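Next come the chains, spelled out residue by residue.
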Amino acid sequence: MGEYCAAAEGDAALPAASAVPAPPPTTRAAAAAATMPLYGSYDRRYMKQVFDNLHGSISLDPLALQFVDTEEFQRLRDLKQLGLTYLVYPGAVHTRFEHSLGVYSLAGKAMNSLNTNQGEELGIDRFDIQTVKLAGLLHDIGHGPFSHLFEHEFLPRVIPGSTWSHEQMSVLLLDSIVDKHAIDIESDYLKMVKEMIIASSKFATTKSAKDKHFLYDIVANGRNGIDVDKFDYIGRDCRACGLGCNFQYWRLIENMRVMGDEICYPAKDYLNVHKLFTTRADLHRTVYTHAKVKAVELMLVDALLEADDYLGISLHANDPEDFWKLDDTIIKSIETAPNSELEKAKEIIQRIRRRELYKFCNQYSVPKEKLEYFKNITAQDIVCSQKSSEVLLKEEDVAVSNVKIDLTRGKDNPLESIKFFKDYACDEKFPITDDRVSHLLPAYNEDRIVRVYAKKPELVEAVSEAFENFQLKTYGEKTQVHDTPKKKRPRRSG
């Protein structure tokens, strides 16, 4: 029975349902749409709070929630931020999901800081704030499994010369999400979000905005590399791996200032900016490219290559409708599959589980005078350097990792492209060169490290000798720091 309303005098009481007919479905939908906040609106009735262990409470606005509550975005929960690094640093199990929420939060803080201090001068409005925050939230939705391994190690082996990038897939997937889930966002704003996502990649396009180009430097900064994406992952990765981090991102957010459509920083923050890039380089050296981490990655690439013909893993990279189904759980899918076609892949994964990793033989840093003309070293280069040995090496016996560590700009110093100002009463912006600050800062901004692994423990000695011969042939001397430790060279029987 329906509830009864008080009737007018002289009238019989009538059920509410019959007194006020239910609107047709189309009217209901229109009414619901009318109650939703406008683009850039932050009505607290429609917002949700998430507690993050790095940034504390994060408020998700209604439009952001529409993207978060999709299977495509929820996929990020199954993508570890640092891929296989957790096998060396057990705490590194955080995901792209929490990183994306963190970048969304910091993008909002950066925009609020600029709006508070220069909002009227720059003409910042709620549309700008919403657009930048969405770019922060969605910048990694197109990321492949296992951190950057999918696009930088696996796909180039399947498709030589592959130019696939997670930034491009993020743009394609964003279009797919909007269409599939009927998310109401104007095409002009959507276009700007996509432009901001690819702003620091080689696929960056002409900015559709006629002014306020500084907005494109907040999430993915193609101008000088200072962006909230780095602010979040540097702090998050350091915490997860138990490393110290004395880079203070909040100082840059609070003190930044737009001058001539470019984000500038107080000159007194020069060393803090420098720490951003050096901390990132340290993470690359000690965490992301740790010798054991690279050994596991080399093994997983081999496993994925063995499984690709049967599972068509690489084919998922072509279509956003399929791509979102691909995540780190592919390892378990291979491991538990009954198919005989996956036996070789399963054996490699089993070796990873049992810690029977490819054996690290040795490494060297490319001499600085050779950096400009360096080409990646291959297994063939090492095998062809073998002179005499009881074992004849084959290319499939050797794995090579070519590691590049820089400050985001290759051999160039990124700080040379950053502008500073004296104080807030000064309208002049200027670059600062290293020698004006300290003579202790590094003269070179790039390292190239070549590491060689034996896929079987009994081949360590033969691979190590071939690697030493390669160095002598290429550089006229052994550039490795020391010989391969004897404990890595198993004794020969007899």
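Predicted, not measured: the structure shown is a model, and the values here were computed from it. Along each chain, the written sequence defines residue order, and numbers are assigned to residues from 1. Totals for whole chains, interfaces and linings use every residue, but because this is a predicted model, local features are given only for residues with pLDDT of at least 70 and side-chain atom pairs only at 80 or more, for both listing and counting. As a convention, hydrogens and water are excluded, and side-chain values are obtained from all of the structure's heavy atoms.

**Student:** Give a description of the packing of helix 6 (residues 126-138) against helix 9 (residues 187-197) that names residues and reports values.
**Tutor:** Two measures define how a pair of helices packs: the angle their axes make with one another and the distance between the axes. For every element, the axis is a line fit to its C-alpha atoms; helices are fit only across the contacting stretch, and the angle between N-to-C directions ranges from 0 to 180 degrees. Only DSSP runs of H or I covering at least 4 residues are called helices, and only runs of E covering at least 2 are called strands; the numbering of each starts at the N terminus. Between helix 6 and helix 9, the least distance of the axes is 9 Å, while the angle of their chain directions is 50 degrees. On the basis of the axis angle, helix 6 is oblique to helix 9. Between helix 6 and helix 9 lies a crossing whose hand is right-handed. Together, Phe127, Thr131, Val132, Leu134, Ala135 and Leu138 of helix 6 and Tyr189, Met192, Val193, Met196 and Ile197 of helix 9 make up the contact between the two elements. Any residue outside Ala, Val, Leu, Ile, Met, Phe, Trp, Tyr, Cys, Pro, Asp, Glu, Lys and Arg is labelled polar, Gly included; the first ten of those are nonpolar and the last four are charged. Split by residue class, the contact of helix 6 with helix 9 holds 10 nonpolar, one polar and no charged. Angular relationships are summarised with four words: roughly parallel below 35 degrees, roughly antiparallel beyond 145, roughly perpendicular across 65 to 115, and oblique for the angles in between. For any pair of crossing helices, the crossing counts as left-handed if the nearer helix is rotated counterclockwise from the farther one by less than a right angle, and right-handed if it is rotated clockwise. Any two residues whose heavy atoms approach within 4.5 Å are treated as being in contact.

**Student:** An account of the side chain of Asp232 is requested, with residue identities and associated values reported.
**Tutor:** Within the secondary structure, Asp232 sits in helix 10 (residues 228-241). Overall, Asp232 belongs to the buried group, its relative accessible area being 0%. Under this definition, polar contacts are N or O atom pairs within 3.5 Å; protein pairs additionally need one hydrogen-donor-capable and one acceptor-capable atom, and for neighbouring residues in sequence, both atoms have to be side-chain atoms. Here His99 takes part through its side chain, which lies 2.7 Å from a polar atom of the side chain of Asp232. Those residues in contact with Asp232, other than ones at most four positions away along the chain, are Leu54, His55, His99, Gly102, Val103 and Leu106. Buried, partly exposed and exposed residues are distinguished by accessible area as a fraction of the type maximum, computed with a 1.4 Å probe on protein chains only: under 20%, between the cut-offs, and over 50%, respectively.

**Student:** Give me the lowdown on the packing of aromatic side chains, citing residues and values where you can.
**Tutor:** Stacked, tilted and edge-to-face pairs are distinguished by plane angle, under 30 degrees for stacked and over 60 for edge-to-face with tilted covering the rest, among Phe, Tyr and Trp rings (Trp via its six-membered ring) whose centres lie within 6.5 Å. What the rule picks out here adds up to 15 aromatic pairs. Site record: aromatic cluster; members linked through ring pairs are Phe150, Phe154, Trp164 and Phe323. Placement of a positive charge over a ring is assigned whenever Lys NZ or Arg CZ falls within 6 Å of the ring centre and within 35 degrees of the normal to the ring plane. Lys80 extends its terminal NZ or CZ atom over the ring of Tyr86, reaching a point 4.7 Å from the ring centre. The ring of Tyr216 carries the charged tip of Lys207 above its face, separated from the ring centre by 5.5 Å.

**Student:** Which residues make up the sheet that holds strand 6 (residues 398-406), and what are the values?
**Tutor:** Ordered in space as 5-9-6, the three strands form an open sheet in which the pairing is antiparallel. If you trace the sheet from one side to the other, it starts and ends with strand 5 (359-365) and strand 6, each paired once. Neighbouring strand axes in the sheet, compared pairwise and without regard to direction, differ in orientation by 20 degrees on average. Strands are labelled as partners when DSSP assigns at least two bridges between them. Bridge count between strand 5 and strand 9 (residues 446-454): six bridges; the pairing is antiparallel. In the sheet register, Asn362 faces strand 9, and the bridge partner there is Val452. Against the sheet, helix 12 (residues 270-288) contacts strand 6 and strand 9, and its axis sits at roughly 170 degrees relative to strand 6. Contacts from helix 18 (residues 460-475) reach strand 5, strand 6 and strand 9, with the element oriented near 15 degrees to strand 5.

**Student:** Could you give an account of empty space enclosed by the protein, naming the residues involved and the relevant values?
**Tutor:** Of the grid points, spaced at 1 Å and generated over the protein atoms alone, those admitting a 1.4 Å probe that cannot get out make up cavities, while open sets with protein on both sides within 12 Å along at least five of seven lines make up pockets; any residue with an atom within 4 Å of a point is treated as lining. Grid points are joined across faces, edges and corners, and a volume is the space filled by probe spheres set on the points. What the rule picks out here adds up to one cavity of 30 Å³ or more. Quantified by volume, the largest cavity comes out at close to 60 Å³. In this structure, the largest cavity is lined by Ala110, Asp217, Ile218, Ile226, Asp227, Val228, Phe231, Ile253, Met256, Ile263 and Tyr265. Listed by contribution, the elements that provide at least two residues to the lining of the largest cavity are helix 10 and strand 4 (263-266). Partitioning the lining of the largest cavity into residue classes produces nine nonpolar, no polar and two charged.

**Student:** Tell me about the packing of helix 10 against helix 12, residues and numbers included.
**Tutor:** Helix 12 packs onto helix 10 with a crossing angle of 45 degrees between their chain directions and a minimal axis gap of 11 Å. Classified by the angle between their axes, helix 10 and helix 12 sit oblique to one another. The handedness of the crossing between helix 10 and helix 12 comes out as left-handed. Judged by residue contacts, Lys230, Phe231, Tyr233, Ile234, Asp237, Cys238 and Cys241 of helix 10 engage Leu276, Thr279, Arg280, Leu283, Val287 and Tyr288 from helix 12.

That is the geometry; function is a separate question.
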